[in-house]
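Here are the chains, one letter per residue:
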Amino acid sequence: MHESIKKLKHIEEIVKSKEKDFNLKKRPLIIAVSKTFSMNEILPLINHGHKDFGENKIQEAVEKWTSIKDDFVDINLHMVGKVQTNKVKFV
């Protein structure tokens, strides 16, 4: 099993254990922040079924995700951090 999947499963277990403590009605969304990671490192998570990823650099997100979104249309990208005004059009 790929290391990123092991880490995701561990985080999911922690979140699941805390749901009862906080009396949550809905499971929190886990966003895998994929900034600086290559698609080779991210693909195991996608193939495992994870759908929510975060980026903080528009240029990196466009370069990394444009083609992969054609193959995996249900992927949700989230921008984390501040976005410069001149780059909003790319979001």
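Residues numbered from 1 in each chain as written. Predicted model: local features only at pLDDT ≥ 70, side-chain atom pairs only at ≥ 80, totals over all residues. Heavy atoms only, no water.

Q: Can you lay out the overall build of the protein for me, pointing to particular residues and giving the numbers?
A: What the protein contains, in helices and strands, is 3 helices and 3 strands. When the helices and strands of the protein are read in sequence order from the N terminus, they spell out α-β-α-β-α-β. Summarising its shape, the C-alpha atoms of the protein cover approximately 45 × 30 × 20 Å along the three principal directions. Looking at the protein as a whole, 27% of its 91 residues are labelled buried. Contacts spanning at least 24 positions in sequence make up 46% of the contacts within the protein whose residues lie at least 6 apart. Carbon and sulfur atoms make up 55% of the accessible area of the protein, which totals about 6800 Å². (Helix = DSSP H or I, 4+ residues; strand = E, 2+ residues; numbered from the N terminus. Buried < 20%, exposed > 50% of the residue type's maximum accessible area, 1.4 Å probe, protein only. Contact = heavy atoms within 4.5 Å. Areas by Shrake-Rupley, 256 points an atom, 1.4 Å probe, with all protein chains shown as cover.)

Q: Before we move on, can you summarise the nonpolar core with the specific residues and values?
A: Formed by 14 residues in total, the largest nonpolar core has its most connected members in Met-39, Ile-42, Leu-45, Ile-46, Phe-53 and Trp-65. Breaking this core down by element, the ones donating at least two residues are helix H1 (3-21), helix H2 (39-48) and helix H3 (58-71). Broken down by element, this core gets its largest block of residues, 4 residues, from H2. Once residues within four sequence positions are removed from consideration, Met-39 is found in contact with Ile-46, Lys-64, Trp-65 and Ile-68. (Core = buried A, V, L, I, M, F, W, Y, C linked by side-chain atoms within 4.5 Å.)

Q: Run through the packing of H1 against H2, naming residues and quoting values.
A: Interhelical geometry of H1 versus H2 gives an angle of 55° and a closest axis separation of 8 Å. By the angle between their axes, H1 is oblique relative to H2. Every pair of crossing elements has a handedness; the one defined by H1 and H2 is right-handed. Every residue of H2 that contacts H1 at Ser-4, Ile-5, Leu-8 and Lys-9 is listed here: Glu-41, Pro-44, Leu-45 and His-48. Split by residue class, the contact of H1 with H2 holds 4 nonpolar, 2 polar and 2 charged. (Axes fitted to C-alpha atoms, helices over the stretch in contact; angles between N-to-C directions. Parallel < 35°, antiparallel > 145°, perpendicular 65-115°, else oblique. Left-handed = near helix turned anticlockwise from the far one by under 90°. Nonpolar A, V, L, I, M, F, W, Y, C, P; charged D, E, K, R; others polar.)

Q: If you had to explain the layout of surface pockets to someone new, which residues and values would you point to?
A: Estimates place the volume of the largest pocket at around 340 Å³. Along the wall of the largest pocket there are 15 residues; nearest its centre are Ser-4, Lys-7, Val-33, Phe-37 and Leu-45. Taken together, the elements giving at least two residues each to the lining of the largest pocket come down to H1, strand S1 (32-33) and H2. Top element by residues in the lining of the largest pocket is H1. It accounts for 5 residues. (1 Å grid on protein atoms, 1.4 Å probe; cavity = no way out; pocket = protein on both sides within 12 Å on 5 of 7 lines; lining within 4 Å. Points joined across faces, edges and corners; volume = space filled by probe spheres on them.)

Q: Outline the packing of aromatic side chains, supporting the account with residue identities and numerical values.
A: In total, this model carries 1 aromatic pair according to the counting rule given. Relative to Trp-65, the ring of Phe-53 lies with its centre 5.1 Å away and its plane at 40°, an arrangement referred to as tilted. Of the two residues, Phe-53 is situated in strand S2 (residues 52-55) and Trp-65 in helix H3; the sequence distance between them amounts to 12 residues. One exposure class covers both Phe-53 and Trp-65, and it is buried. (Phe/Tyr/Trp six-rings, centres within 6.5 Å; stacked < 30°, edge-to-face > 60°.)

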